[in-house]
Amino acid sequence: MDIDERFYSIQQISAMIPTVSSFIADEAATVTTLLYDSRKLSDTVHGLFFALEGRRDGHVYISDAYNQGIRNFVVAEDKIEPYAFPKANFLIVQNTLEALQTLAARHRDRFTFPVIGVTGSNGKTVVKEWLVQLLSPDYQIARSPKSYNSQIGVALSLWQLDRTADLAIIEAGISRPGEMAALQRMIRPDIAILTNIGPAHEEGFTSIDEKISEKLKLFEGAKTAIFSPEYLRGMLVPTTARQLTWGMNDESLRITGYRLLDETRCQIHAQYLGEEITVIIPFTDAAARENAICCWAVMLAMGYSQKAVTERMALLQPVEMRLEMKKGINQCTVVDDSYSNDLASLAIALDFLQQQQQHAQLTLVLSDIPGATAHEEDMYERVSNLLKNSKISRLITIGPSLSKYAAKFAFLKHEAFPDTESFLAAFPSLTFQDEAILLKGARKYTFERISRLLTAKSHDTVLEINLSAVEHNLNQYKTLLPPSVKMMAMVKAFSYGSGSFEVANLLQFNNVDYLAVAYVDEGVELRKGGIQLPIMVMSPRPASFDALLAYRLEPEIYSFAILEEFVGVLNEKNFFAYPIHLKLDTGMHRLGFSPKDINLLARYLLQTTTVKVQSVFSHLAAAGNSEHDAFTETQIATFKQFAEQLTATLGYPVIRHIANTAGIQRWPQSHLDMVRLGIGLYGIGENQGRQDLPLQSASSLKATVIQIRQVPAGESVGYGRRGILTRDSAIATVSIGYADGYDRRFGNGVGQMVIAGTTVPTVGDVCMDMTMVDVSGLQVREGDEVTVFGDVEKLAKTINTIPYELLTGISQRVKRVYYYG
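Calculation criteria
- Residues numbered from 1 in each chain as written.
- Predicted model: local features only at pLDDT ≥ 70, side-chain atom pairs only at ≥ 80, totals over all residues.
- Heavy atoms only, no water.
- Helix = DSSP H or I, 4+ residues; strand = E, 2+ residues; numbered from the N terminus.
- Rg over C-alpha atoms; globule rule 2.2 N^0.38 Å.
- Buried < 20%, exposed > 50% of the residue type's maximum accessible area, 1.4 Å probe, protein only.
- Contact = heavy atoms within 4.5 Å.
- Areas by Shrake-Rupley, 256 points an atom, 1.4 Å probe, with all protein chains shown as cover.
- Lys, Arg positive; Asp, Glu negative; His and termini not counted.
- Charge placed at Lys NZ, Arg CZ, Asp CG, Glu CD.
- Salt bridge = Lys/Arg side-chain N within 4 Å of Asp/Glu carboxyl O.
- Pairing = 2+ DSSP bridges.
- Phe/Tyr/Trp six-rings, centres within 6.5 Å; stacked < 30°, edge-to-face > 60°.
- Axes fitted to C-alpha atoms, helices over the stretch in contact; angles between N-to-C directions.
- Parallel < 35°, antiparallel > 145°, perpendicular 65-115°, else oblique.
- Nonpolar A, V, L, I, M, F, W, Y, C, P; charged D, E, K, R; others polar.
- Expected span 1.5 Å × (residues − 1).
- Arc of directions from axis to C-beta.
- Polar contact = N/O pair within 3.5 Å; in protein donor to acceptor, adjacent residues only side chain to side chain.

Trainee: Would you take a moment to explain the overall build of the protein for this structure?
Mentor: Along the backbone of the protein there are 25 helices and 40 strands. For 821 residues, the compact-globule estimate of 2.2 N^0.38 gives 28 Å, and the C-alpha radius of gyration of the protein, at 29 Å, lies within 12% of that figure. Structurally, the protein occupies a C-alpha span of about 80 × 75 × 65 Å along its principal axes. Taken over 821 residues, the protein has a buried fraction of 55%. For the protein, long-range pairs separated by at least 24 residues make up 64% of all intrachain contacts whose partners lie at least 6 apart in sequence. Accessible area of the protein: about 35,500 Å², with a carbon and sulfur share of 49%. Within the protein, the 91 negative side-chain charges are centred at a point lying 1 Å from the centre of the 78 positive side-chain charges.

So, in structure tokens, the structure goes:
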């Protein structure tokens, strides 16, 4: 994209929102990024901070944002004194949230491609993500990240729209009257979808009819409405040009039956336009069937052939949702759906539980259902009937209402508690053994405390990742770049050991332009996690091309053989102008086309319309080593010449990038159109840079002291008796070993750890799961925290290796813990 459609002058912003007055200190200021949280600031030069008033008053944090470089603010009347911030622009409005929403709406108005709006009590995110899976072969889709469906989330989702997309799918969630009108004004969907109506958020409405009426406001002005009338209780959908209904009755898409083909697949039968049609989905539970039918109806409304629908729905992939399955205590399995509790979601959760075949006994831990006061007895009668038709054999209830109606559950082994505290107090006397346990509780019952008791403790060793530090480091490198230079972030090798999706999600939030992974399966996991940024795959294999295409990943092409094979696959699947990234060898001599290949490569590319070169790039072999500066200069010059010749032959612009982390710092002439930031994100930079960057260490590997013993002089510690003690010593055994990624070379005093602020040496060889350290003279107890490493660069030097090896070597069995701090 040559022009960022989100690049507005401050005067344009002022004209787009309902401004009461303004104080403009910098008339040349431009805005590309919307901000509302002073803890999560990016692109401060072009940021516009909205001081939202909610649980926290954003006006309190204006000073903090100003000190971090923000110079453009939207504030409410009489809330701030602009003269206290002489270099800032202030747009003063009556309501900052409404201003944010209005700006998002005006930005959305700039695009004419179709927008799909999705609302409903359950299934919004699944339907959205499945539609992305189903429609991606034909569209570049912009969509709400994860569950950004709130008054703020929808605005931020719409702000991401640009001309790289030709379809948008936006979720709309509400919890009280009056909210949908604001969402509808922003989204203005061409296609409006209602997934279902259930009791979720019912406490915010006086009646189910009021909630239905509120959700249907999304449909106003839509060209196409897709819904199941059985959820509407006879209410009419606002007038639309077309309605496609689905359900078991006489609907446009009439469902005539289901057939379970095996444990993982279900066949759905329907009638449409007088014809019998079927699809097979790789799911069998009721929620998946309903969500799939909704997607089926959307595809038919969009004009897809039944053949295409059948082929694509058979390949649907699961979407990660809040319902989680965890390893429990005493060989149990915990199904944690403790974020909401209503009749409909209970039925779905029970259906899911009963598909689990690990245990003969199924246990339900259930709280009172909120919002059932008016028809309480009827509600619990329906719960009783649900359980009678399930395989539940043990019921534990929490709450006064369920205790009141205990007689309705006499057919089960039933244990009743008036509140969560009573259950927690009784927990030591309860027995849980080899059973599947479903947790279904309303939020106020804090079932997360129950989940912690029932879930098996994980490995004591953890890698802590400070996402605030990652964000800070990203912003530090951005200060070295001209505004026109794009940023590609490297998240290969599990984001250097830190966890791919979690870091990628942060990078996406901070508006990097591209992500890069080593292998297709890494990219697939990011897509499944909701990452929608363009993703380059640096080591694609022909066997993974199908998955690469299915998940809209973009391959590095480094040889004629891989190019010809990829073009062949694209031709078979009728793809056109698929983005690729050409790798050039300018001196690394690892992968890439040679300079002598340029003419042949250019001729080949001119003869095919199947691919389009998105970028051309190369690797700097020694950008961080001053002794090889002459070689680096030659690499940069060779690359520029190669890229210029290729671009001239192709006749269209391509992104050029050669700078890695060290190149960003030391070689500004290598920045070109885009840079690739890798290990610098984690606070490991280049100390020979043109200027020092105040980077923050982003990761810390921690373990636990599991035993302390007194060992006399002359005794040995560990395998091979290599740790001979020269004095009576206190030896602590620490819960980390080489199976966790703690290198064996750190044994026998080479490695050091920190306990209670004191550095202590290793003793003896590093074992598979444990390492011993000398804590003589220190007040150390079993259970104390041990910092295995914090300064990765220093630690790497002690065993003559590089930080990359240490970080990427941390085992997947080491739990990752993410935090902002």
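Trainee: Can you help me understand the side chain of N196 in this one?
Mentor: Within the element layout of this structure, N196 appears in the loop between β11 (191–194) and α7 (208–215). Setting aside residues up to four positions removed in sequence, N196 forms contacts with G120, S121, N122, Y231 and E290.

Trainee: I tried to follow the pattern of salt bridges on my own but got confused; where do I start?
Mentor: Close approach of charged atoms allows side chains of opposite charge to pair. The final tally for this structure, using the stated rule, is 35 salt bridges. With a shortest N-O distance of 3.2 Å, E435 and R394 are connected by a salt bridge. Here the residue E435 occupies a position in strand β22 (residues 435–440), and R394 occupies one in strand β20 (residues 394–398), the gap between them amounting to 41 residues. The class of R394 is buried, set by a relative accessible area of 3%. Between D765 and R744 there is a salt bridge, with its nearest N and O atoms 3.7 Å apart. With D765 in the loop between β37 (758–763) and β38 (771–774) and R744 in the loop between β35 (729–734) and β36 (752–755), this residue pair connects regions lying 21 residues apart in the sequence. We classify D765 as buried; its relative accessible area is 8%. Salt bridges sharing partners connect three or more residues here, namely K128, E129, R143 and E171.

Trainee: How do you make sense of the pairing of strand β25 (residues 514–517) when you look at a structure like this?
Mentor: Consecutive side chains of a regular strand alternate in pointing toward one face of the sheet and then the other. Of the two faces of β25, the one lined by Y514 and A516 and the one lined by L515 and V517 are each fully buried. Bridging between β25 and strand β26 (residues 535–537) involves three bridges; their strand directions are parallel. Looking at β26, one finds that L515 is bridged to I535.

Trainee: Quick question: what am I supposed to make of the packing of aromatic side chains here?
Mentor: Any aromatic ring pair is given by two values, namely how distant the centres are and how the planes are angled relative to each other. In the structure shown here, the tally under the stated rule is 18 aromatic pairs. With 5.4 Å between their ring centres and 80° between their planes, F23 and Y83 make a pair best called edge-to-face. Here F23 is found in strand β2 (residues 19–23), whereas its partner Y83 is found in the loop between β6 (72–76) and β7 (89–93), with 60 residues between them in sequence. A relative accessible area of 29% means that F23 is categorised as partly exposed. Look at F427 and F432: their rings are 5.8 Å apart centre to centre, the planes differ by 20°, and that puts the pair in the stacked class.

Trainee: In this structure, what is going on with the sheet that holds strand β10 (residues 167–171)? I would like to understand it.
Mentor: In a beta sheet, neighbouring strands are held together by backbone hydrogen bonds and run either parallel or antiparallel to one another. Spatially, β9-β10-β8-β11-β12-β13-β14-β15-β16 is the arrangement adopted by the nine strands of the open sheet, whose pairing is mixed. Unpaired on one side and paired on the other, β9 (141–143) and β16 (275–281) mark the two borders of the sheet. Averaged over all neighbouring strand pairs, the angle between strand axes comes to 20°, with direction disregarded. The pairing of strand β8 (residues 115–119) with β10 spans four bridges and is parallel. Pairing of I116 across the sheet is with I169, part of β10.

Trainee: Explain the sheet that holds β7 to me, please; I cannot follow it from the model alone.
Mentor: With mixed pairing, the five strands of this open sheet are ordered in space as β2-β7-β6-β5-β4. The open sheet terminates on both sides in strands that have one partner only, identified here as β2 and β4 (33–35). Taking each pair of neighbouring strands and ignoring which way they run, the sheet shows an average axis angle of 20°. Looking at chain direction, β4 and strand β5 (residues 47–50) are connected through three bridges and run parallel. Across the sheet, T33 pairs through a bridge with G47, a residue of β5. Sheet strands touched by helix α3 (residues 96–108): β4, β5, β6 and β7. Its angle to β5, the strand with the most contacts, is close to 140°.

Trainee: In this structure, what is going on with the packing of helix α5 (residues 151–159) against helix α6 (residues 179–187)? I would like to understand it.
Mentor: Packed helices, taken two at a time, are described by their axes: the angle between them and the distance between them. The contact between α5 and α6 brings their axes to 10 Å, and the two run at 0°. Considering their axes alone, α5 and α6 lie roughly parallel with respect to each other. Between α5, through Q151, V154, A155 and L158, and α6, the contact on the second element is made entirely by E179, A182, L183, M186 and I187. Counted by class, the contact of α5 with α6 contains seven nonpolar, one polar and one charged residues.

Trainee: What is the right way to look at the environment of A168 in this model?
Mentor: Tracing the backbone through its elements, the reader meets A168 in strand β10. Note on A168: relative accessible area 0%, which makes it buried. Taking the C-alpha atoms as reference points, A168 and G587, 419 residues apart in sequence, are found 42 Å from one another. In this view, A168 contacts F113, P114, V115, I116, A142 and L161; residues no more than four positions away in its chain are not counted.

Trainee: What is the right way to read helix α11 (residues 376–388) from this model?
Mentor: Residue pairs three or four apart in sequence face the same way in an α-helix, which turns once every 3.6 residues. Look at α11: 18 Å from first C-alpha to last across 13 residues, which is about the 18 Å you get at 1.5 Å a residue. Taken as a whole, α11 has its buried residues at E376, M379, Y380, V383, S384 and L387. Buried positions in α11, seen along its axis, are confined to an arc of 140° and lie on one side of it.

Trainee: Where do I start with the environment of E376 in this structure?
Mentor: The residue E376 is located in helix α11 in this model. The class for E376 is buried, based on a relative accessible area of 17%. Ignoring sequence-local partners within four residues, the contact set of E376 consists of S401, K404 and Y405. Here the side chain of E376 touches S401 through a polar contact of 2.8 Å, side chain to side chain.

Trainee: What's the story with unusual backbone geometry in this structure? I'm lost.
Mentor: For residues that are not glycine, phi is negative in most cases, and the peptide bond is trans in most cases. Unlike most non-glycine residues, R233 shows phi in positive territory, near 55°. Topologically, R233 is positioned in the loop between β12 (224–227) and β13 (242–247). Positive phi is not limited to glycine here, since N800 has a value of about 55°. Its location among the elements puts N800 in the loop between α24 (792–798) and α25 (803–808). Under the relative-accessibility criterion, N800 is labelled exposed at 74%.

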